[in-house]
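Here is what each chain is made of, one letter per residue.
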Amino acid sequence: MMCSKHFPSWLHAWGDTLEEAFEQCAMSMFGYMTDTETVEPLDTVEVMAEGHDMLSLLFHFLDEWLYKFSADEFFIPREVKVVSMDQTSFKIRSIGWGEEFSLNKHPQGTEVKAITYSAMQVLEEEKPEVFVIIDI
């Protein structure tokens, strides 16, 4: 019998704006997967997401980026930039610069299996912060 274990791990990110906090959270997630300093910005990928509140927007934003890596294009970004964020209709558009993940070039880190809602927080303070638990 095969068994898969999921271990939770925290992502904690912040920025001068909520957009920056989201960007840093995405890069924190990719930092588990590889050393993002080894990634060259050769290609551009766009990710759009929407939700019904800020928590679901963050969840879907990270989930869409995870999909680009794990199921779609094996794309790993060196940088993610939020181009637009509508905090009223909860929509986000972002762009990542990076390349296809290759074990020959990028050190293998920890696989991120899923984003969770568990204990997720979006704090819109003077310095916005986000907290996300991921399954690894």
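Before reading further, recall that the structure is shown in the block above.
Let us look at the structure shown here.

Quick notes on the rules
Residues numbered from 1 in each chain as written. Predicted model: local features only at pLDDT ≥ 70, side-chain atom pairs only at ≥ 80, totals over all residues. Heavy atoms only, no water. Helix = DSSP H or I, 4+ residues; strand = E, 2+ residues; numbered from the N terminus. Rg over C-alpha atoms; globule rule 2.2 N^0.38 Å. Buried < 20%, exposed > 50% of the residue type's maximum accessible area, 1.4 Å probe, protein only. Areas by Shrake-Rupley, 256 points an atom, 1.4 Å probe, with all protein chains shown as cover. Lys, Arg positive; Asp, Glu negative; His and termini not counted. Charge placed at Lys NZ, Arg CZ, Asp CG, Glu CD. Core = buried A, V, L, I, M, F, W, Y, C linked by side-chain atoms within 4.5 Å. Contact = heavy atoms within 4.5 Å. Pairing = 2+ DSSP bridges. Axes fitted to C-alpha atoms, helices over the stretch in contact; angles between N-to-C directions.

Description of the overall build of the protein chain
The secondary structure content of the protein chain amounts to two helices and seven strands. Its helices and strands taken in sequence order, the protein chain reads β-α-β-α-β-β-β-β-β from the N to the C terminus. On C-alpha atoms alone, the protein chain measures out to a radius of gyration of 14 Å, which is about the 14 Å that the 2.2 N^0.38 rule sets for 136 residues. When each of the 136 residues of the protein chain is scored for burial, the buried share is 43%. On the protein chain, roughly 7500 Å² of surface is accessible, and the fraction owed to carbon and sulfur atoms is 50%. If you average the places of the 9 positive and of the 25 negative side-chain charges in the protein chain, the two averages end up 3 Å apart.

Observations concerning the nonpolar core
Among the nonpolar cores identified, the biggest contains 40 residues, and F22 and F61 are the most heavily contacted of them. Broken down by secondary-structure element, the contributors of at least two residues to this core are β1 (8-14), α1 (18-33), β2 (43-50), α2 (54-72), β3 (75-86) and β7 (129-135). In this structure F61 touches F22, A26, V47, A49, V80, V82, I92 and S94, once residues within four positions along its chain are discounted.

Remarks on the sheet that holds β3
What the three strands build is an open sheet, ordered β2-β4-β3; its pairing is antiparallel. Edge positions in the open sheet fall to β2 and β3, since each of these has one partner strand only. On average, each strand axis in the sheet is inclined to that of its neighbour by 20°, with strand direction left out of account. In the sheet, β2 pairs with strand β4 (residues 91-100) via eight bridges, with the strands oriented antiparallel. For E46, the partnering residue across the bridge sits in β4 and is I95. The strands touched by α1 are β3 and β4; relative to β3, the strand with the most contacts, the crossing angle is about 160°. Docked against the sheet, α2 engages β2, β3 and β4, running at close to 145° with respect to β2.

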